[in-house]
Structures are given as C-alpha cells and as structure tokens.
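# Understanding the architecture of this molecule
Residues per chain, in single letters:
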Amino acid sequence: MNKPHAAASDFRLDSLAEEDLSLPASRETAVLAGRARPTPVEVPPVEVSLNSAAARSAGSVARPAIPEYLSKVYTWAYLTPAYSRYLDTSFVVSAILWGNANRLMRAGFSEFEAGQEVLQPACVYGSFSSKLAAVLGPKGALHVTDVATNQIDACRTKLAAFPSATLDLADAADPRDRSYDGVCCFFLLHEVPEDYKHRIVKSLLDATRPGGKAVFVDYHGPSLLHPLRPIMIVVWRLLEPYALALSDNEIRSYAPPSLAEEFTWHKETYFGGLYQKVVATRKGEGA
Ligand SMILES: C[S@@+](CC[C@H](N)C(=O)[O-])C[C@H]1O[C@@H](n2cnc3c(N)ncnc32)[C@H](O)[C@@H]1O
C-alpha cells in the first residue's frame, strides 16, 4: 500500500552564501546571499515542438505545464537558473548521493549497450547525460526529456558533442508516442507525488520495447542500523517529502498489475539499502 507523507517545509539557501566568498558581485551573488529574490524560470505562453510526432506534424502544441509539486517543492533546485548554475555539477550530485553518484550511474548504464535508442525522461545535474550518450555511442541515440525549459537548455549544451542525442520538453508522466530499446530513469521517482509515480512508471514501461529494459535508480529504505538513516529521514521530511514512500513501496507496485506482468523484475540495493536499481525487462524479442 502506498502511504501519504508529510508536506515539504520551506527551504533556504542561506548556507550556500558562506561557501564561495570569491564570487563576483552580481545578481547571482546577491541571490545566493539571500539579498535578492531569485528569478524562477519564466514559462511564457508560447508554443513549442514537443515529443509527439503527431504534434510536430500538426505544427505545434502548448508546452507541458510545470507540475504543482515541482514549483512548490523544487523551484529552488530546478526552476531557478541562478541556483541551477551552481548546483549543476558532478561535485554536487556526488555530495547529495554521499559519494555514490558514479557507482549508481555505472549501475544504470551497465544495463544498456552501444547502438541502442534510450530514453532519459528527466535531466540530471552533472555529466550523467553525456556519459550515457557515450555508452550508446555514435550508432545509438539518447533522447532526453524534461518538463523544465531551463533544464533542457542546460542539457543541450552538455550534449553538443553527441549529434545523435535529441532533447524535448515533455512531462515524464504523459504517454509517449514512440518506444525505445531502453529507459533510464535516474532519481526522478522520489521527487514526485504518489499519483505521479504511478503515471511515470506506466508511461516509461509503455515506452519500452519487447526485450528492452526500463531502469529505475533511486532512493530505497536504508536498513534500520544504517548510520545515515536518521539524517536521510530528516532530509526527506524537510526537502524531499515524496522520497519517503520509496522506503515502503516497491517500484514495481507503481505499475498497473497487468502491465507489470509483461516484465521480469530485478532489484539490487546499494550502500546499506539507501539506494536501489530496479530493472524491468519487457518479455519478448526485440531490443
Ligand atoms: C531527475 S530529477 C533529479 C536528479 C538528481 N537529483 C540530480 O542531481 O539532478 C531532476 C529533474 O527532473 C525534472 N522533472 C521533475 N518532474 C518531472 C516530470 N514530471 N517530467 C519531466 N521532468 C521532470 C526536473 O525539472 C529536473 O530537471
């Protein structure tokens, strides 16, 4: 059973101001020092090309709305370019994951091979996308989507050296109009409410071809004696309120039962159970 969890409380980045005193006097500096309000990414009512071929051939359709949970809980992390500029580094990703970032990325990437077409349904800070694109090689193709324009723009820069990589604005919970040899969903599920977890898992499984793998790397419930357990529970309650559910629920449980039956499921945990990789392989020949 999926259980509801506490709501997020406000988060302040005041502490970051003390970390880099050498920054030039600029709006970003003032923002990080708490003297100026950050500028969340603007979502002008323009029309853009989306991930839907039908939409493309018809011209264009409205961009996906920023989900309410994202603007309520994660504006500071993902929708405010002044902050993202400093957060979007491999060092930050490694620190957030207690030094396990490379290990967890390797665990995810090991499920894919050169020449495959792989969907990454949400951007990741640092060098995740370029590393995955390198695994797929020039004959493969990485397709990155995200619901936030500023994240797509930043990722486009990172993937400049990979001409076969493509990027689109899309909500990971929405149905896709095409399928892939694989899907690599890295630390997205813990950031979304329960109804979104269900919709995202369904959408990504639907997008996986027979023989292909949907790979989910994310938080998991750490063992009772894990020394970081009390810290992580506080962090989740304060900053990541939708992460606690992954301590109680199997990722498989978010899939509609009949769809789950079309896959074989394998779970591995890492770092005393704090992290997990779930690989859902679609039955049948293909990828
Ligand atoms: C993959 S998650 C977290 C990854 C990891 N914590 C990191 O270091 O980047 C972050 C991304 O998910 C995106 N995101 C959140 N909800 C989404 C959704 N429903 N559809 C697509 N992208 C989403 C955010 O815009 C953000 O770029």
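Position labels on residues start from 1 in each chain and follow its written sequence. The predicted nature of this model means local features are confined to residues of pLDDT at least 70 and side-chain atom pairs, given and counted, to a pLDDT of 80 or more, with totals for whole chains, interfaces and linings taken over all residues.

### Digging into the overall build of the chain
Just so we agree on the cut-off: A run of DSSP states H or I qualifies as a helix once it reaches four residues; a run of E qualifies as a strand once it reaches two. Both are numbered from the N-terminal end. Whether a residue is buried, exposed or partly exposed follows from its count of other C-beta atoms within 10 Å of its own C-beta, namely 20 or more, 12 or fewer, or something in between, respectively; the C-beta atoms are built from the backbone. In this description, a residue-residue contact is defined by the distance between C-beta atoms placed from the backbone, which must lie within 7 Å.
A tally of regular secondary structure across the chain gives 14 helices and nine strands. Residues classed as buried in the chain amount to 39% of the 287 residues present. Of the contacts made within the chain by residues no fewer than 6 positions apart, 72% connect residues no fewer than 24 positions apart.

### With respect to the site of the ligand
Note the threshold: The C-beta atom of each residue is placed using the backbone, and any residue whose C-beta lies within 6 Å of a molecule or strand is treated as near it. Here the nonpolar group is Ala, Val, Leu, Ile, Met, Phe, Trp, Tyr, Cys and Pro; Asp, Glu, Lys and Arg are the charged ones; every other residue, Gly included, is treated as polar.
Around the ligand, a shell composed of 21 residues is seen, among which Ala 122, Tyr 125, Val 147, Gln 151 and Ala 172 lie nearest. Looking at side-chain class alone, the shell around the ligand contains 17 nonpolar, one polar and three charged residues.

### What about the sheet that holds strand E9 (residues 275-282)?
Defined as follows: Strand pairing follows a simple DSSP-based rule, namely that at least 2 bridges must link the two strands. Axes here mean lines fitted to C-alpha atoms, for a helix over just the part in contact, with angles spanning 0 to 180 degrees between N-to-C directions.
On the basis of which strands lie adjacent, the open sheet formed by seven strands has the order E5-E4-E3-E6-E7-E9-E8 and mixed pairing. In the strand order of this sheet, the two ends are held by strand E5 (166-169) and strand E8 (263-270), each with one partner. Averaged over all adjacent pairs, the angle separating strand axes in this sheet is 15°, with direction ignored. Sheet topology places strand E3 (residues 117-120) next to strand E4 (residues 141-146); four bridges connect them, and they run parallel. Each residue of the ladder has a partner; that of Glu 117, found in E4, is Ala 141. Taken strand by strand, helix H9 (residues 128-136) contacts E3, E4 and strand E6 (180-186), and its axis lies near 155° from that of E4. Against the sheet, helix H11 (residues 194-206) engages E6, strand E7 (208-219), E8 and E9, with an angle of about 145° to E7.

### Topic: the nonpolar core
To be explicit about the condition: Buried Ala, Val, Leu, Ile, Met, Phe, Trp, Tyr and Cys residues form a nonpolar core when they are connected through C-beta atoms within 7 Å.
Ranked by size, the top nonpolar core spans 67 residues in total, and within it Val 118, Leu 132, Val 183, Cys 185, Leu 188 and Ile 200 carry the most contacts. Each residue touching Val 183, except ones within four places of it in the same chain, is listed here: Val 118, Leu 119, Pro 121, Leu 204, Ala 207, Thr 208, Ala 214 and Val 215.

### Digging into helix H10 (residues 149-158)
For clarity, the cut-off: As used here, the arc is the angular range of directions from the helix axis to the C-beta atoms.
Regarding H10, the residues found buried are Asn 150, Gln 151, Cys 155 and Lys 158. For H10, the buried positions fall inside an angular range of 130° around the axis, keeping them on one side. The inward-facing, buried residues of H10 contact helix H5 (75-79), helix H6 (81-87), H9, E4 and E5.

### Quick notes on unusual backbone geometry
The phi dihedral of Trp 98 is positive, around 55°, even though this residue is not glycine. Mapped onto the secondary structure, Trp 98 falls in the loop between helix H7 (90-96) and helix H8 (101-109). Of the residues examined, Trp 98 has 13 C-beta atoms within 10 Å and is grouped as partly exposed. The phi torsion at Phe 271 lies on the positive side, around 55°, for a residue other than glycine. Tracing the backbone shows Phe 271 in the loop between E8 and E9.

### Digging into the confidence of the model for the chain
Low-pLDDT stretches of the model should not have their predicted coordinates read in fine detail. Under the convention used in this document: Per residue, pLDDT captures the predictor's confidence, and it can take any value from 0 to 100.
Looking at the chain, pLDDT values average 83 and 78% of them are 70 or higher. pLDDT under 50 marks residues 1-38. Its contacts with residues more than four places away, or in other chains, come to 41 contacts. The model gives residues 41-59 a pLDDT under 50, and that stretch makes 30 contacts with residues more than four places away or in other chains.

### Some points on the pairing of E3
Here E3 shows no split at all, with Glu 117 and Leu 119 on one side and Val 118 and Gln 120 on the other all buried. In terms of strand pairing, E3 meets E6 through two bridges, oriented parallel. Looking across to E6, one finds that Val 118 is bridged to Gly 182.

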